[in-house]
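# Notes for the structure review
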Amino acid sequence: MTPPEAVLPRADGALHHGETQPRLPDDRLPVVLVVLDGLGDRPVPELGGRTPAEAARTPVLDALAARGASGWHLPFGWGRAPASELAHWAMFGFADVAFPGRAVLEAVGAGIDVPEGVAVTHAALRTSHVAGDRVWITGRVAPADADDAAALLDALAPVLDAHGATATPLRGRGEALLTLHRHASGAVTDSDPFFPERHPWLRVRATDPAGTATADALTALLRAARSALVSHPVNRRRATAGRPPLDVLTTKWSGARTPIPTFTEQAGVPGALVTQTGLYRGLARVLGMVHRHVPPVPDVAADLATRIVVAGELIAGGARVVHVHTKATDEAGHTKSPHAKREVLEAADRGLAGLADLADRAVVAVTGDHATPSVDGVLHTGDPTPLLVAGPGVRPDDVTTFGETPARHGWYGPVRAAELLPLLFGHANRPVFLGHRATPRRTLALPDDPEPMPAG
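Description of the structure in this document. Everything quoted here is computed from the prediction, not taken from an experiment. (Residues numbered from 1 in each chain as written. Predicted model: local features only at pLDDT ≥ 70, side-chain atom pairs only at ≥ 80, totals over all residues. Heavy atoms only, no water.)

### Focus on the overall build of the protein chain
Across its full length, the protein chain carries 16 helices and 13 strands. The C-alpha atoms of the protein chain give a radius of gyration of 25 Å, which matches the 23 Å a tight globule of 456 residues would have. Expressed as lengths along the three principal axes of its C-alpha atoms, the size of the protein chain is roughly 85 × 65 × 35 Å. When each of the 456 residues of the protein chain is scored for burial, the buried share is 51%. Across the protein chain, contacts joining residues at least 24 apart in sequence account for 71% of those joining residues at least 6 apart. In the protein chain, 44 side chains carry a positive charge and 49 a negative one; their mean positions are 4 Å apart. (Helix = DSSP H or I, 4+ residues; strand = E, 2+ residues; numbered from the N terminus. Rg over C-alpha atoms; globule rule 2.2 N^0.38 Å. Buried < 20%, exposed > 50% of the residue type's maximum accessible area, 1.4 Å probe, protein only. Contact = heavy atoms within 4.5 Å. Lys, Arg positive; Asp, Glu negative; His and termini not counted. Charge placed at Lys NZ, Arg CZ, Asp CG, Glu CD.)

### Let's talk about the pattern of salt bridges
Pairing is possible between side chains that carry opposite charge, provided their charged atoms lie close to one another. Tallied over the entire structure, the rule returns 23 salt bridges. One salt bridge connects Asp41 with Lys341, and the closest N-O pair in it is separated by 3.0 Å. Of this pair, Asp41 sits in the loop between strand 1 (31-36) and helix 1 (52-55) while Lys341 sits in helix 13 (residues 338-351), and the two are 300 residues apart along the sequence. Residue Asp41 shares its accessibility class with Lys341, and that shared class is buried. A single salt-bridge network, built from bridges that share partners, covers Glu85, Arg102, Glu106, Arg171 and Glu175. (Salt bridge = Lys/Arg side-chain N within 4 Å of Asp/Glu carboxyl O.)

### Description of the packing of helix 4 (residues 102-109) against helix 10 (residues 278-286)
One way to put it is that helix 4 packs onto helix 10 with a least axis distance of 7 Å and a crossing angle of 95°. Between helix 4 and helix 10, the crossing angle belongs to the class labelled roughly perpendicular. Between helix 4 and helix 10, the residues in contact are Arg102, Leu105, Glu106, Val108 and Gly109 and Gly278, Leu279, Arg281, Gly282, Leu283, Arg285 and Val286, respectively. Per-class residue counts for the contact of helix 4 with helix 10 are 5 nonpolar, 3 polar and 4 charged. (Axes fitted to C-alpha atoms, helices over the stretch in contact; angles between N-to-C directions. Parallel < 35°, antiparallel > 145°, perpendicular 65-115°, else oblique. Nonpolar A, V, L, I, M, F, W, Y, C, P; charged D, E, K, R; others polar.)

### A word on the sheet that holds strand 11 (residues 363-367)
Reading across from one edge, 9-8-10-1-11-12-2-13 is the order of the 8 strands in this open sheet, with mixed pairing throughout. Edge strands, defined here as strands with exactly one partner in the open sheet, are strand 9 (290-293) and strand 13 (414-415). Pairing of strand 2 (residues 69-73) with strand 13, which is carried by 2 bridges, proceeds in the parallel orientation. Bridge assignment links Trp72 to a residue of strand 13, and that residue is Pro414. On top of the sheet, helix 10 reaches strand 8 (271-275), strand 9 and strand 10 (321-326); it is set at about 165° to strand 8, its chief contact. Packing of helix 11 (residues 300-316) onto the sheet brings it into contact with strand 1, strand 8, strand 9 and strand 10, and relative to strand 10 it is tilted by some 170°. (Pairing = 2+ DSSP bridges.)

### As for the environment of Gly333
As for its placement among the helices and strands, Gly333 is situated in helix 12 (residues 328-334). With relative accessibility at 0%, the residue Gly333 sits in the buried group. Spatially, the C-alpha atoms of Gly333 and Arg350 are 19 Å apart, while their sequence positions differ by 17 residues. Sequence-distant contacts of Gly333, defined by excluding residues within four places in its chain, comprise Lys341, Thr372, Pro373 and Ser374.

### Observations concerning the side chain of Thr443
Relative to the assigned elements, Thr443 resides in the segment after helix 16 (417-427). Among the residues examined, Thr443 registers a relative accessible area of 6% and is labelled buried. A distance of 2.7 Å separates a polar atom in the side chain of Thr443 from the backbone oxygen of Ala445. Ignoring anything within four residues of it in the chain, the contact list for Thr443 reads Glu265, Gln266, Ala267, Gly268 and Val432. (Polar contact = N/O pair within 3.5 Å; in protein donor to acceptor, adjacent residues only side chain to side chain.)

Printed below as a string of structure tokens:
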């Protein structure tokens, strides 16, 4: 039986029986975290020694910076260049939880049922050139190669079966989830060189003693697959036609699915994502988070404007943390065209206009997950990424423009990925009280719904 409302605790600022402090008003706020993938950059001579973010015209982000506080996001500290999945894992508060491997997230995001306790890896057909005793990766499956790639993956089935493995196709571009059914540990290195102009096809090595058998088995499997691919009629036909054979299977992102706490268990509040790729769908599903998938469109401004509207809808539906992500900034950085990245940032700024209204009723943060410099021979780097936070109760600092150099003078200074959500929860009047344990796991925020004691 529910007691009369008059005897329930009230957040009315009044004193209650025997108490000397008033009950607290409930002014908790939601959090909106906007991640411009690969936002950070380096000073560019052709932009006057400025980064693309500093050179871009960003009136929306400038206004948010002026009404809020700024700092630098350095996900893992100076000099360490994170991949997006690892940065997000820490940003979401899971730095103290073993990462299952991106292969798991990509597969789950594609709707594949990945069993727990079985090693998996992300495999892809590649073209190659042999020089001496080394195999150099020269390319990947092009759209016109889809049929050949599918036939070659099918032809590898007996080889995989002989090594206790199966392949589940992904994306139709010669990629697959490789499941190693005889092995529990995915603690192994990549055979994909990632930097093909510097490293050849790599031998698989264990990163932990538990992965030794997996590494040996995967190395044997890949060598057997190579032999089968080199001699396959599809690749002989391609070579005769002057097309590069798809004669190497590379692997990366290995891991194994294990029991993982949900986002609500880890953070204390429910979260949601506005997704655009399989990686983030997988992250949402693995962490038990609501997600709304919005396929990306070429118009960056329109794309982000839609995502901000969806973020508001997810808040209205009960999400207390909403993650909004765009890949456009990262893709622009990888073109190695600073002007292209500046233009994308200007378009993104137009698309973020809706954040001004959201910041009246939520804590809004805009940052990047890593730096993707539009200059130099690097992929990602540990260069700082601007961080701005605005919303009710966020004390403005002296920063009035968006970019790496202005953000350096903000209140926060350097912020690591694991510190980001606690910082935002504090502004949202949701800080976890370290002298109180309401849940078995130490949450990042004061939990919304700890388990009640039964009345009877």
